[in-house]
Amino acid sequence: MVNEQLDHGVTTGVIDPRYGDPSATAPTWAAIEQRLADAQLYWIVTVRTDGRPHTVPLVGVWVDGAFAFCTGSEEQKTRNLDGNARVAVTTGSTGAGGWDSGTELVVEGTATRVTEPDALQRLADAWFAKYGDDWKFEVRGEGFIEASDTGGGSDGAWVYRVVPAKVLAFGGGHGQTAYRF
């Protein structure tokens, strides 16, 4: 779900000439944001308290210019975020069609917990609109309870939002394009 009301102050990306064709045209932010909204699977990288990375796949939604995900309160991601809230979220075709196909995206930012009931409901609605009954959540307290029989667990899930500090796009003739906020 792309929201045109939020203006990050970004109109174009900047191609890094070290990693691509400096004469190429960078993808528009609107095109990148649509890819972030349409992706079905993402990977999140958090940092363990001992400094080691922790990377796992997850589902999420792009709402109001930010990525949202949920995780159990006892999961490794949550423990990692308690110590260091900076994350990287990636999505793309992972090179399945070859080196010069598709676009890989990396969102860098800080994960903040969402606890406000109206914001949680908006995100629960976005999950349902995107994924259907497999990821239907009810808002309870300061998190989600799974309404379906897939994932989530009986203790519910905490919801986090990642507002991008930087987004990198890789692929095609443009090589690497950076969008800074």
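Everything discussed here concerns the structure shown above.
Notes on the structure follow. Everything numeric in this text was worked out from a predicted model, so none of it was measured. (Residues numbered from 1 in each chain as written. Predicted model: local features only at pLDDT ≥ 70, side-chain atom pairs only at ≥ 80, totals over all residues. Heavy atoms only, no water.)

Points about the overall build of the chain
A count of helical and extended segments in the chain gives 3 helices and 11 strands. Reading the chain from its N terminus to its C terminus gives the helix and strand order β-α-β-β-β-β-α-β-β-α-β-β-β-β. Looking at the chain residue by residue over its 181 residues, the buried ones come to 42%. Intrachain contacts of the chain at a sequence separation of at least 6 include 61% that bridge at least 24 residues. Counting every atom, the chain has about 9400 Å² of accessible surface; 51% of that belongs to carbon and sulfur. (Helix = DSSP H or I, 4+ residues; strand = E, 2+ residues; numbered from the N terminus. Buried < 20%, exposed > 50% of the residue type's maximum accessible area, 1.4 Å probe, protein only. Contact = heavy atoms within 4.5 Å. Areas by Shrake-Rupley, 256 points an atom, 1.4 Å probe, with all protein chains shown as cover.)

A few points about the packing of aromatic side chains
With the rule as written, the count across this model stands at 10 aromatic pairs. Ring plane angle 15° and centroid distance 4.5 Å describe the contact between Phe-137 and Phe-144, whose orientation is recorded as stacked. Phe-144 shares its class with Phe-137; the two are buried. Through pairs of rings, three or more aromatic residues link up here, namely Trp-29, Trp-62, Tyr-179 and Phe-181. (Phe/Tyr/Trp six-rings, centres within 6.5 Å; stacked < 30°, edge-to-face > 60°.)

Points about unusual backbone geometry
A positive phi angle, close to 55°, is found at Asp-64, a residue other than glycine. The residue Asp-64 is located in the loop between β4 (61–63) and β5 (66–71) in this model. On the basis of relative accessible area, Asp-64 is assigned to the partly exposed category, the value being 22%.

A look at the pattern of salt bridges
Side chains that carry opposite charge are capable of pairing whenever their charged atoms lie near each other. Throughout the structure, instances matching the rule amount to 6 salt bridges. A salt bridge links Arg-122 to Asp-64; the shortest N-O distance between them is 2.7 Å. On the criterion of sequence distance, the pair formed by Arg-122 in helix α3 (residues 117–131) and Asp-64 in the loop between β4 and β5 is long-range, its members being 58 residues apart. The exposure class of Arg-122 is partly exposed, given its relative accessible area of 34%. The salt bridge partner of Arg-140 is Glu-138, with a shortest N-O separation of 2.7 Å. (Salt bridge = Lys/Arg side-chain N within 4 Å of Asp/Glu carboxyl O.)

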